[in-house]
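Remarks on the overall topology
Spelled out, the chains give:
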Amino acid sequence: MAHLTLDKDPSTLSKMFDRISSKYDRLNQLMTFGIVDLWYKKLVETMRPARPKILLDIATGTATFAIKMLQRLPSIRHITGLDISTEMLEIAKTRVRQEGYERDISFVQGEVSHLPYDAETFDAVTCSLGIRNFQDLAASFTETYRVLKPCGHFYILELTRPQKRIIRPFYKLYIHKVLPFLGKQFAKDRSAYEYLYKSIESMPLPDELVTLLYRAGFKSVSYRPLTQGIATLFTASK
């Protein structure tokens, strides 16, 4: 697989996300024209039949998706949010406290390739808009598999490269030119949003990602393109 080489050192990424933490959610809305909420909704709908109780939300960020899961999935008893960014987690803790979910969501700073949990701890693991930042996808998927209970599920929502030829020229223009401009204007950090498009370009294609999940031990792996392939929803079971 030939992909763009990109520095994904956890320390470097942690500092980058610290810098943009206060504007992260607003920029996600702006850059996706609000479609990100529809993607979150589809992910929750996919999770509903499994009725998960104990969840791990990797790359939880400011807890936007963790809170949506708690609000829309009545089966949930507790969510643990894990992230490498100190500032993201501080915002997440404040939001959870303000919305009255302190007993329902807790947070841990850490890396997905070295999860600080025993084997077979969680009914489900989720990662929304985060796996493109993993330094080692194979090791991260192996760790995710380890902490899942038997018959547990791994749900991934990620930005991907559209494969339809008619869409790709417009998509490339947007992520190469418009996205860094928005990052510079609104986040005052052009480099962070240049990293964003490079991280998408460095991602394996969906079929390649499915292969990595199978190699980590997962079964019944499938994916569903969203919004013409701008995002993709993956599901896998243990």
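This text follows the structure it describes.
Quick look at the structure, then.

The rules behind each value
Residues numbered from 1 in each chain as written. Predicted model: local features only at pLDDT ≥ 70, side-chain atom pairs only at ≥ 80, totals over all residues. Heavy atoms only, no water. Helix = DSSP H or I, 4+ residues; strand = E, 2+ residues; numbered from the N terminus. Rg over C-alpha atoms; globule rule 2.2 N^0.38 Å. Buried < 20%, exposed > 50% of the residue type's maximum accessible area, 1.4 Å probe, protein only. Contact = heavy atoms within 4.5 Å. Areas by Shrake-Rupley, 256 points an atom, 1.4 Å probe, with all protein chains shown as cover. Lys, Arg positive; Asp, Glu negative; His and termini not counted. Charge placed at Lys NZ, Arg CZ, Asp CG, Glu CD. Polar contact = N/O pair within 3.5 Å; in protein donor to acceptor, adjacent residues only side chain to side chain. Core = buried A, V, L, I, M, F, W, Y, C linked by side-chain atoms within 4.5 Å. Arc of directions from axis to C-beta. Pairing = 2+ DSSP bridges. Axes fitted to C-alpha atoms, helices over the stretch in contact; angles between N-to-C directions.

A word on the overall build of the protein. Each helix and strand in the protein was counted, giving 9 helices and 7 strands. Against the globule reference of 18 Å for 238 residues, the protein gives a C-alpha radius of gyration of 17 Å, in line with a compact fold. Taken along its principal axes, the extent of the C-alpha atoms in the protein is 45 × 40 × 30 Å. Within the protein, the fraction of its 238 residues that count as buried is 53%. Within the protein, contacts between residues at least 6 apart in sequence are counted, and of these 75% link residues at least 24 apart. Approximately 11,300 Å² of the protein is accessible, and the part contributed by carbon and sulfur atoms is 53%. Distance from the positive charge centre (34 side chains) to the negative charge centre (25 side chains) of the protein: 7 Å.

Another point: the environment of Asp123. Of note, Asp123 is situated in strand E4 (residues 122-128). C-alpha of Asp123 to C-alpha of Ser222: the two residues are 99 residues apart in sequence and 18 Å apart in space. In terms of polar contacts, Asp123 uses its side chain to reach the backbone amide nitrogen of Lys53, at 3.1 Å. Polar side-chain contacts of Asp123 include one of 2.8 Å to the backbone nitrogen of Ile54.

Attention shifts here to the nonpolar core. Counting 41 residues, the largest nonpolar core has Met47, Met69, Ile79, Ile105 and Leu157 as the members making the most contacts within it. Looking at this core, the element that brings in the most residues is helix H3 (residues 35-47), giving 6 residues. Residues within four places of Met47 in sequence aside, it is in contact with Pro52, Leu55, Phe65, Met69, Leu73, Thr126 and Tyr155. Residues Leu82, Ile131, Leu137 and Leu209 belong to the second largest nonpolar core, which totals 27 residues.

Moving on, we get to unusual backbone geometry. One non-glycine residue, Ala59, lies in the positive phi region at around 55°. Within the secondary structure, Ala59 is located in the loop between strand E1 (54-58) and helix H4 (64-72). Here Ala59 falls in the partly exposed class, since its relative accessible area comes to 24%. Not every positive phi belongs to a glycine, and Thr227 is a case in point at roughly 50°. By secondary structure assignment, the location of Thr227 is in the loop between strand E6 (219-226) and strand E7 (231-237). What makes Thr227 partly exposed here is its relative accessible area of 31%.

Further remarks concern helix H1 (residues 10-20). Each α-helix winds once per 3.6 residues, and so residues spaced three or four apart point in a common direction. Buried within H1 are the following residues: Pro10, Leu13, Ser14, Met16, Phe17 and Ile20. Each buried residue of H1 lies within a common arc of 165° when the element is viewed along its axis, so the set occupies one face.

Strand order in the open sheet made by the 7 strands is E3-E2-E1-E4-E5-E7-E6, with mixed pairing throughout. Here the strands that pair on one side only, and so sit at the sheet edges, are strand E3 (105-109) and E6. Taking each pair of neighbouring strands and ignoring which way they run, the sheet shows an average axis angle of 15°. The sheet contact formed by E1 and E4 spans 4 bridges and is parallel. What sits directly across from Leu56, in E4, is Val125. The strands touched by helix H5 (residues 86-98) within the sheet are strand E2 (78-83) and E3, with E3 carrying the most contacts at an inclination of about 170°. Along the sheet, helix H9 (residues 206-215) contacts strand E5 (148-159), E6 and E7; its crossing angle with E6, the most-contacted strand, is approximately 155°.

Note that all results are geometric; they support no functional claim without further evidence.
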